[in-house]
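Below, each chain spelled out in residue letters.
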Amino acid sequence: MNIISNLNNKELHFLIYIIIINIVSFLFFGVDKLKAAKGKWRISENTLLLLALLGGSSGILLGMVIFKHKINKIRFSIGIPLIFLLNKILLLTILNNLV
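Values in this document were obtained by computation on a predicted structure and should not be read as measured data.

(A) Spotlight on the overall build of the protein. What the protein contains, in helices and strands, is five helices and zero strands. Put simply, the protein runs from its N terminus to its C terminus through helices and strands in the order α-α-α-α-α. Projected onto its principal axes, the C-alpha coordinates of the protein cover approximately 45 × 25 × 20 Å. Expressed as a percentage of its 99 residues, the buried residues of the protein come to 28%. Taking all contacts inside the protein whose residues are at least 6 apart in sequence as the whole, residues at least 24 apart take part in 69%. Element-wise, carbon and sulfur atoms account for 72% of the exposed surface of the protein, whose accessible area totals about 6600 Å².

(B) Looking closely at the pattern of salt bridges. The full count for this structure, using the stated rule, is five salt bridges. Salt-bridge contacts for E45 lead to K73; the nearest nitrogen and oxygen are separated by 2.8 Å. With a gap of 28 residues between them, E45 in helix α3 (residues 45-67) and K73 in the loop between α3 and α4 (74-77) connect regions that are remote in the sequence. Its relative accessible area of 18% is what places E45 among the buried residues. Through salt bridges with shared partners, a single network forms among D32, R42, E45, K70, K73 and R75.

(C) The arrangement of the environment of F29 in detail. Secondary-structure assignment places F29 in helix α2 (residues 9-38). By relative accessible area, which is 0% here, F29 ends up buried. Spatially, the C-alpha atom of F29 lies 9.2 Å from that of L62, the residues being 33 residues apart in sequence. F29 has contacts with L48, I60, G63, M64, F67, H69, K70 and F76, leaving out every residue within four places of it along the chain.

Conventions adopted
Residues numbered from 1 in each chain as written. Predicted model: local features only at pLDDT ≥ 70, side-chain atom pairs only at ≥ 80, totals over all residues. Heavy atoms only, no water. Helix = DSSP H or I, 4+ residues; strand = E, 2+ residues; numbered from the N terminus. Buried < 20%, exposed > 50% of the residue type's maximum accessible area, 1.4 Å probe, protein only. Contact = heavy atoms within 4.5 Å. Areas by Shrake-Rupley, 256 points an atom, 1.4 Å probe, with all protein chains shown as cover. Salt bridge = Lys/Arg side-chain N within 4 Å of Asp/Glu carboxyl O.

Dropping the structure here:
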């Protein structure tokens, strides 16, 4: 808890954003898997990719593995790991600029 108390407002807000976007991304992936299994309305692939680009790539990647969903689609099996790496590079860049 000491690490969080050392964060300034910008860093804390950024951390909260990253946590929320990844939880939302993971949940969207789970909902899409359930909808796919039931043959119902689905969340568009573009929405899932957008969530990954907005910082939710960890949640999307975790969802792919846990739900075994979209792992055979090239767009996701290659695209999401690349977006994940991009997110991590941007995260480090942003954190270095906030400090």
